[in-house]
Amino acid sequence: MKEPLGRFISGRESTVDTTQVVDIDVNEIVSNPFQPRTVFDEESIGELARTIQTHGVIQPIVVRRRNGAYELIAGERRWRAVKRLGWTTIPAIVRDMNDAQTASAALIENLQREGLTPIEEAVAYQQLLELHGLTQESLAQRLGKGQSTIANKLRLLNLPAGVQEALLNRRVTERHARALLALPSEELQMKLLAETIERGWNVKQLEERVKATISKLERQTRGRPKKRGLSRDVRLAVNTIRQSLDMIEKTGFSILCEEKDEEDFVEFVIRVPKHSPVTN
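Residues numbered from 1 in each chain as written. Predicted model: local features only at pLDDT ≥ 70, side-chain atom pairs only at ≥ 80, totals over all residues. Heavy atoms only, no water.

## So, the overall build of the protein chain
Moving on, step 1. Helices and strands together make up the secondary structure of the protein chain, namely 12 helices and 7 strands.
Moving on, step 2. The buried share of the protein chain, taken over its 280 residues, is 35%.
Moving on, step 3. Intrachain contacts of the protein chain at a sequence separation of at least 6 include 66% that bridge at least 24 residues.
Moving on, step 4. Total accessible area on the protein chain stands at roughly 17700 Å², and carbon and sulfur atoms take up 47% of it. (Helix = DSSP H or I, 4+ residues; strand = E, 2+ residues; numbered from the N terminus. Buried < 20%, exposed > 50% of the residue type's maximum accessible area, 1.4 Å probe, protein only. Contact = heavy atoms within 4.5 Å. Areas by Shrake-Rupley, 256 points an atom, 1.4 Å probe, with all protein chains shown as cover.)

This is how it looks when you write it as structure tokens:
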């Protein structure tokens, strides 16, 4: 891993010797729970396995000792490829890292490589923000990216789970997903996602449909009659009626009153029983 990565993780130079490579039993290695990559392309793993079979593992994986086993920090694709080949050991560097350092290393190692889906990348950014208590701006500086890049990725996490799953499975692109963000409800986002996949819309077609949907909603909102606010005199009259009813009820009468706020008037329907209750 590159030295900037070490400084990001620990905030200081590491005193652990990271140059010693040892062979570790592949069956003693477990996946990293902070691994941001959730989808592994089996065809790509197969290609990597063939390369390793020819040239060997050129770059050792990185692990830490954990609960009697070795937990991966970096190099899960290489580990999977070696297991596919049926090899019993793999060259590795053993590092001494705590949970926060391990998580950061796994996240950043994957962010430095290609192939993460936009959702996996967004989740990695969110985890780094939480692990280190960073702002989007400071995270962008540490990763050498623009703040707008970080912000746009994180916005994808506001989408419904169904849209995120479609992104994860590469059924739509990030630009499709960002177009859906403009819609005001998850119901509409899911509806237009289904139409996009079914009809094979490109980004421009989806953006046009989103604009048309929003315009339609705005027209419907403008067409609804708005209730006018009550003037000071009308509020005074209404409050006087309510107070009078309260006073009558305090004498022992059980009054039934229905109040309706219509567009042009406030309606009171009052029912006073002919027989008042007997009071002591």
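## Digging into the packing of helix α6 (residues 136-143) against helix α7 (residues 147-155)
Moving on, step 1. Viewed as axis vectors pointing N to C, α6 and α7 meet at an angle of 115°, and their least axial separation amounts to 8 Å. Where α6 crosses over α7, the handedness of that crossing is right-handed. Between α6 and α7, the contacting residues are Gln136, Glu137, Leu139, Ala140 and Leu143 on the first element and Gln147, Ile150, Ala151 and Leu154 on the second.
Moving on, step 2. Of the residues assigned to the contact of α6 with α7, the class counts are 6 nonpolar, 2 polar and 1 charged. (Axes fitted to C-alpha atoms, helices over the stretch in contact; angles between N-to-C directions. Left-handed = near helix turned anticlockwise from the far one by under 90°. Nonpolar A, V, L, I, M, F, W, Y, C, P; charged D, E, K, R; others polar.)

## So, the sheet that holds strand β1 (residues 22-25)
Moving on, step 1. The strand order across the open sheet built from 5 strands is β1-β5-β3-β4-β2, with neighbouring strands paired in mixed fashion. Taken across any chain shown, the strands that pair with only one partner, and hence form the sheet edges, are β1 and β2 (29-30).
Moving on, step 2. By the bridge criterion, 3 bridges tie strand β3 (residues 61-66) to strand β5 (residues 89-94) in an arrangement that is parallel. Each residue of the ladder has a partner; that of Val62, found in β5, is Ile93. (Pairing = 2+ DSSP bridges.)

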